[in-house]
Structure formats: C-alpha cells, structure tokens
Amino acid sequence: MSVSRRDFLATSATTAAALAVSASRGDALPSPVSRLAPGGAASRPVVLASSNGIRGVKVAYDQIVAGTDTLDAIIAGVNIQELDPNDQSVGLGGLPNEEGVVQLDASVMHGPTRRAGAVACIEDIATPSLVAKAVMDYTDHIMLAGQDARRFAVNMGFKTQNLLTEKSRQDWLRWKSRLNRGDAWLDHDDDIRIKFTTGTINMNAVNAAGDLSSCTTTSGMAWKVPGRVGDSPIIGAGQYCDNTVGAAGSTGRGEANIKVCGAFLAVEFMRNGATPEQALIKVMERVIAMTEKRLLDDNGRPYFDLNFYALTKDGRYAGASAYEGSDFAVCDEKGARIEKCVYLYKKEQRPTASPRET
Ligand code: GLY
C-alpha cells in the first residue's frame, strides 16, 4: 500500500477538530517520525493502553525502567485485566459467546526481533497474551486457533480453568432470555440492560533505547457466534509494531477494524510523517469509508465506536475514537494517567439507537 505524504498532510475539517483536542492538551506538534534514524534511537520510556489498562501501564512502565523487555513488561500489564474476574471484556470473567462459552483472542509483536505470535478462539486459558508469546517463542508459526491452541497451551504448561464467572453467566442468561419474545425462555423480571460489548485491552510500549512492543487481548464481542475471531489476534489489525517507526493497536468493533488493518495502517501513516493524532484520525476516516451502509446512520456516521492507540519510537502518543468521550491510559516519567482521545464527531452527533444495542 502506498500513502502519499500529501494525502495525510491535507488536513480535513474533521481532522482539524480532532487535533484541537490534542492542542488543548498542550502538546507541541511533533516532528515527522521519518526523520528518526531507523533501527535504534534514544527515546523515553512510554506505555500506552486503552483506558482499562490504567493499572497495567504503571506496572509495565516500572518494569521497563527497571530493564525488563518491553514485550514482557506489557504482557505483565495486560495480565492484570486478563486475571481480573471483574473485567468482563478480557480473560477470566470475559463475556461468553452465544452458547455461554468464553473464547479469547490475543496477539503480540516484539519490535527488536521483528517477531509476532497470536492465538484465536482459545478456551479455558485466562492469559491468552502469554500463550500468544509462547507461539512466538516456541514455534515457527504466528497464529494457533481453537482447540489446538488450547492443546498447545496445555502442553506448554498453562493451567486450564472455567473462565465463565457467575456474573458473566448470569448476564449471558439474561441476554439469552430476551432474545426472542416467542421462545421458551422466560424474561427475567429485572430491568437490567445487558449491553453488547466489544471491550478489549491494547498496550504498547517504547523504552529508552527506542525498542517497541505491542499486545492486544480480548474475550471479543459479547454473545458472538461460536468460532468468531475478531481483530485482536490479527497482526496488523488488533496491534502492530515496527521497531523503526512505532506501535499501534485497537479496541472496539473488530469487524470494522479488520477491513482496514488499522494498526498497520496507523504505523504506515506515521512512517510517512503523520503525527500519532493525524495517523489515527486518518485510520478512523478509512474505517468509516469502508463501513457497510447498515452500520451507518443517514449522515454516514457509524452506529459503533472503535478506538485506536498509537505510539512513536521517540515517545509521542495518541488515542482516537469515532465519537467524543473516549479515553486512554498512558504512563511516562510524569506517572500513570488517563487522557482524552481525539475524535471525529461530537458526542451529540452520535446516533441514539444502534441496531446491536437495542
Ligand atoms: N476488538 C475486539 C473484538 O472485536 O473482538
């Protein structure tokens, strides 16, 4: 794919609005990444994640500063969510598929060695990020899927457990009971709204030597058709890392991201000189341009949201979403904090009813 420099320097009105958010954050407009010397440059340690990674970015940052490899550090960061039974979007406690089975996806990429690993649709293992790394470390392959990914994990010594917590099982039963009025499942008499979710955790890091890594892990779309694989385990969609440029990743509706290989595209935009903000807004515009009509309102705005995160080799970063209101987590020498994503549309422009949320 070729993206001209002129293409992304031609700033659209939406991009300008989005960039206003970062300007209000006080960021200086950075120099193009393409000016960096490829293959190694002094940087500053930064860990960037989706907002649910607020605990993990601190853990990963502290490890990186202490000398841990960036990939090991961010995996330790995402493990916190994977092992947290109260996080219903990742690992243990993740919301199940339509049959009540938790199926997980994850992928990792290690900049310095240019290696990657992934698992898709794996069951019974709470830390698919570590299994993805084991695929990277111990096989000549990049992705293992389904029962064979589980078997691989067991052979590698991973512990199996039932990942469906009581809370997620109850939510699944409520969702199921409300599917069709005429079916044999009675509605519960509570009025808890069971939301359709696409929660995920993405984490990216750079160390002082300018070495990068990226990782994404998820239980995927709640109530999905069994066997569905989202963007998270797809190298270039759920996450991507090029040690000469930067890293990027995504959370949200994977089906929308897969079609544009959003993480790869963000890194390519940055390779050609875009700032992280510019790159992510351009990716978001591409997502919308590639979205089928049934998922867009009459104004061409998506019913879903999708978030992207990007980090450069020299420690610049951004998060972006289609709609105003999303956050991301970051940790650097100033500590761990939540910052605002740049966006394409104001909150009020969001369509009120999504076909998948009603
Ligand atoms: N982005 C997570 C998923 O769609 O599975």
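Residues numbered from 1 in each chain as written. Predicted model: local features only at pLDDT ≥ 70, side-chain atom pairs only at ≥ 80, totals over all residues. Heavy atoms only, no water.

**Q** I tried to follow the overall build of the protein on my own but got confused; where do I start?
**A** A tally of helices and strands in the protein yields 10 helices and 13 strands. Sorting the 358 residues of the protein into buried and exposed places 57% on the buried side. A fraction of 67% describes how many contacts in the protein between residues 6 or more apart in sequence connect residues 24 or more apart. By element, 52% of the accessible surface of the protein is carried by carbon and sulfur atoms, the whole surface being about 14900 Å². (Helix = DSSP H or I, 4+ residues; strand = E, 2+ residues; numbered from the N terminus. Buried < 20%, exposed > 50% of the residue type's maximum accessible area, 1.4 Å probe, protein only. Contact = heavy atoms within 4.5 Å. Areas by Shrake-Rupley, 256 points an atom, 1.4 Å probe, with all protein chains shown as cover.)

**Q** How should the packing of helix α3 (residues 54–65) against helix α4 (residues 70–82) be read in this particular structure?
**A** Helix-helix packing is characterised by the crossing angle of the two axes and by the distance between the axes. One can describe the packing of α3 onto α4 by two numbers: an axis separation of 8 Å at closest approach and a directional angle of 155°. By the angle between their directions, the pair α3 and α4 is classed as roughly antiparallel. Here α3 runs over α4; the crossing is right-handed. Residues Arg55, Gly56, Val59, Ala60, Gln63 and Ile64 of α3 lie in contact with α4, whose contacting residues are Thr70, Asp72, Ala73, Ile74, Ala76, Gly77, Ile80 and Gln81. For the contact of α3 with α4, the per-class residue count stands at 7 nonpolar, 5 polar and 2 charged. (Axes fitted to C-alpha atoms, helices over the stretch in contact; angles between N-to-C directions. Parallel < 35°, antiparallel > 145°, perpendicular 65-115°, else oblique. Left-handed = near helix turned anticlockwise from the far one by under 90°. Nonpolar A, V, L, I, M, F, W, Y, C, P; charged D, E, K, R; others polar.)

**Q** Even after reading the chapter, I still don't get the nonpolar core, so can you show me in this structure?
**A** Most often, soluble globular proteins keep nonpolar side chains buried together rather than apart. Ranked by size, the top nonpolar core spans 46 residues in total, and within it Leu280, Val283, Val287, Phe308, Leu311, Tyr317 and Phe328 carry the most contacts. Of all the elements, helix α10 (residues 276–289) adds the most residues to this core, at 7 residues. In this structure, Val47, Ala205, Cys215 and Ala329 belong to the second largest nonpolar core, which totals 21 residues. (Core = buried A, V, L, I, M, F, W, Y, C linked by side-chain atoms within 4.5 Å.)

**Q** Please clarify how the sheet that holds strand β3 (residues 115–122) should be interpreted in this entry.
**A** What links the strands of a sheet is backbone hydrogen bonding, and the strands pair in either a parallel or an antiparallel sense. One open sheet holds the 8 strands; their spatial order is β4-β3-β2-β6-β5-β1-β11-β12, and the pairing between them is mixed. Where the open sheet ends on each side, the last strands, each with one partner, are β4 (143–145) and β12 (335–340). Mean inter-strand twist for the sheet, computed between neighbouring axes without regard to direction, equals 10°. In the sheet, strand β1 (residues 46–50) pairs with strand β11 (residues 327–332) via 4 bridges, with the strands oriented antiparallel. (Pairing = 2+ DSSP bridges.)

**Q** Looking at this structure, how should I read the side chain of Ser250?
**A** The topology assignment puts Ser250 in strand β8 (residues 246–252). Within the local environment of Ser250, its side chain forms a polar contact with the backbone oxygen of Asn307, the two atoms lying 3.0 Å apart. Once you skip the residues sitting within four places of it in the chain, Ser250 turns out to touch Thr200, Asn202, Thr216, Asp231, Ala237, Gly238, Asn257, Leu306, Asn307, Phe308 and Tyr309. (Polar contact = N/O pair within 3.5 Å; in protein donor to acceptor, adjacent residues only side chain to side chain.)

**Q** Explanation requested: the site of the ligand in the structure shown.
**A** The ligand sits among Thr200, Gly220, Met221, Arg228, Gly230, Asp231, Ser232, Gly252 and Gly254. In this structure, Gly252 approaches the ligand through a main-chain N or O atom, which is 2.6 Å from a nitrogen atom. Alone, the ligand offers 200 Å² of accessible surface; in the complex the protein occludes 100% of this. Here the residues of the shell around the ligand are counted per class, giving 1 nonpolar, 6 polar and 2 charged. (Near = heavy atom within 4 Å.)

**Q** How do you make sense of the environment of Val101 when you look at a structure like this?
**A** With respect to the helices and strands, Val101 occurs in the loop between α4 and β2 (104–110). Val101 sits in the partly exposed class, given a relative accessible area of 30%. Distance from Val101 to Trp172, taken between C-alpha atoms, is 9.6 Å for residues 71 residues apart in sequence. Apart from residues no more than four positions distant in its own chain, Val101 is found in contact with Pro96 and Glu123.

**Q** Sorry if this is basic, but what is going on with the sheet that holds strand β7 (residues 239–242) here?
**A** Sheet architecture is open: 5 strands sit in the order β7-β8-β9-β10-β13, paired in mixed fashion. The strands lining the two open edges of the sheet, one partner per strand, are β7 and β13 (342–345). Ignoring which end each strand starts from, the neighbouring axes of this sheet average 15° apart. Bridge analysis of β8 against strand β9 (residues 306–312) gives 7 bridges, and the strand direction is antiparallel. Within β9, the residue paired with Thr251 across the bridge is Asn307. In the packing of helix α9 (residues 262–271) onto the sheet, contacts are made with β7, β8 and β9, and the angle to β8 comes to roughly 145°.

**Q** Mind showing me how you'd approach the confidence of the model for the protein here?
**A** Scored by pLDDT, the protein has a mean of 87; 83% of the residues are at 70 or more. The model gives residues 1–39 a pLDDT under 50, and that stretch makes 60 contacts with residues more than four places away or in other chains. (pLDDT = per-residue confidence, 0-100.)

**Q** Just checking my understanding: could you explain the pairing of β8 for this structure?
**A** Residues in a regular strand project their side chains so that they alternate between the two faces of the sheet. Counting buried positions along β8 yields 7 of 7 residues, so the element is predominantly enclosed. Residues Gly246, Ala248, Ser250 and Gly252 point to one face of β8 and Ala247, Gly249 and Thr251 to the other, with burial holding for every one of them. If you look at the hairpin formed by β7 and β8, you'll find 3 residues sitting between the two strands.

**Q** Would you take a moment to explain the pattern of salt bridges for this structure?
**A** A pair can form between side chains of opposite charge whenever their charged atoms are brought close. Evaluation of the coordinates by the stated rule reveals 22 salt bridges. Put simply, Glu166 and Arg169 hold a salt bridge, and the shortest N to O gap is 2.8 Å. With Glu166 and Arg169 both in helix α7 (residues 166–177), this residue pair falls 3 residues apart, about one helical turn. If you follow the salt bridges from partner to partner, you end up with Arg44, Asp332, Glu333, Arg337 and Glu339 in one network. (Salt bridge = Lys/Arg side-chain N within 4 Å of Asp/Glu carboxyl O.)

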